[in-house]
Amino acid sequence: MKRTRLNRNAWIEAGLKALVADGPTALAAEPLARRLNTTKGSFYWHFRDVPDFQAAVVKDWQTRAFATVVTALAEDGSTEMRLRRFGRLMLADKQDPALRAWARTDKSVARALAQVDAERLTYLANLLKQLGIKNPEFAQSTLSAMIGLPQLVGKSKPAAAFDTLVDLVIALQ
């Protein structure tokens, strides 16, 4: 059987996909090697051990999440449109809920999420202030909605629900 040569980023990407599909227990050398049709040796070539790999997966997600906030800060457009775009980006992140589930049992993942959420909260609070909503608890509520909406089961449409929340904010102006 032909084996595939992979770089570090390919392993991390595979880890993020496995995390979303199967949870943190899928972040181990053997199941990932099978999934990628390669050897465990390739895994250990790039990572010292499984905890090193898991830390790299979390760091990669965290770096991307921070980049989303930085990109949002630099965007043009009305405050309303920037709020809607940011919400949609966050709602579309399939990895966020998987990391939150993992964070319930891993303090290092919880710390990484808390750092990202702090940046997101600051960005949201600033947007809401520009819209005349100065109450910091409303920014927290908005972030909580963005975190929770993707986890609702059934016929819910998280983006539509978030747009309704933004409509309410605009009506409060």
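Thresholds applied
Residues numbered from 1 in each chain as written. Predicted model: local features only at pLDDT ≥ 70, side-chain atom pairs only at ≥ 80, totals over all residues. Heavy atoms only, no water. Helix = DSSP H or I, 4+ residues; strand = E, 2+ residues; numbered from the N terminus. Buried < 20%, exposed > 50% of the residue type's maximum accessible area, 1.4 Å probe, protein only. Salt bridge = Lys/Arg side-chain N within 4 Å of Asp/Glu carboxyl O. Phe/Tyr/Trp six-rings, centres within 6.5 Å; stacked < 30°, edge-to-face > 60°.

Caption draft 1: Summary view of the overall build of the protein. Looking only at helices and strands, one finds nine helices and zero strands in the protein. Of the regular secondary structure in the protein, the N- to C-terminal order runs α-α-α-α-α-α-α-α-α. Taken over the C-alpha atoms alone, the protein extends approximately 65 × 35 × 30 Å along its principal axes. Looking at the 173 residues of the protein, the share that counts as buried comes to 40%.

Caption draft 2: Expanded view of unusual backbone geometry. In this structure, N37 is a non-glycine residue whose phi angle is positive, near 55 degrees. Counting through the fold element by element, N37 comes out in the loop between α2 (29-36) and α3 (40-46). Of the residues examined, N37 reaches a relative accessible area of 30% and is grouped as partly exposed.

Caption draft 3: Main features of the pattern of salt bridges. Using the criterion set out here, one finds 15 salt bridges in the structure. For the salt bridge of E75 with R85, the shortest nitrogen-to-oxygen distance reads 3.3 Å. One end of the pair, E75, is in the loop between α4 (50-74) and α5 (79-92); the other, R85, is in helix α5, with 10 residues separating them in the sequence. When its relative accessible area of 24% is taken as the criterion, E75 is described as partly exposed. Its relative accessible area of 31% is what places R85 among the partly exposed residues.

Caption draft 4: Inspection of the packing of aromatic side chains at higher detail. The final tally for this structure, using the stated rule, is six aromatic pairs. Here the aromatic rings of W11 and F43 are separated by 5.3 Å at their centres, their planes lie at 80 degrees, and the arrangement is edge-to-face. Here W11 is found in helix α1 (residues 8-22), whereas its partner F43 is found in helix α3, with 32 residues between them in sequence. Judged on exposure class, the residue W11 and its partner F43 are both buried. Ring plane angle 80 degrees and centroid distance 4.9 Å describe the contact between F43 and Y44, whose orientation is recorded as edge-to-face. The exposure class assigned to F43 is buried, which follows from its relative accessible area of 0%. Each member of the aromatic cluster is reached from another via a ring pair, and the members are W11, F43, Y44, F47 and F53.

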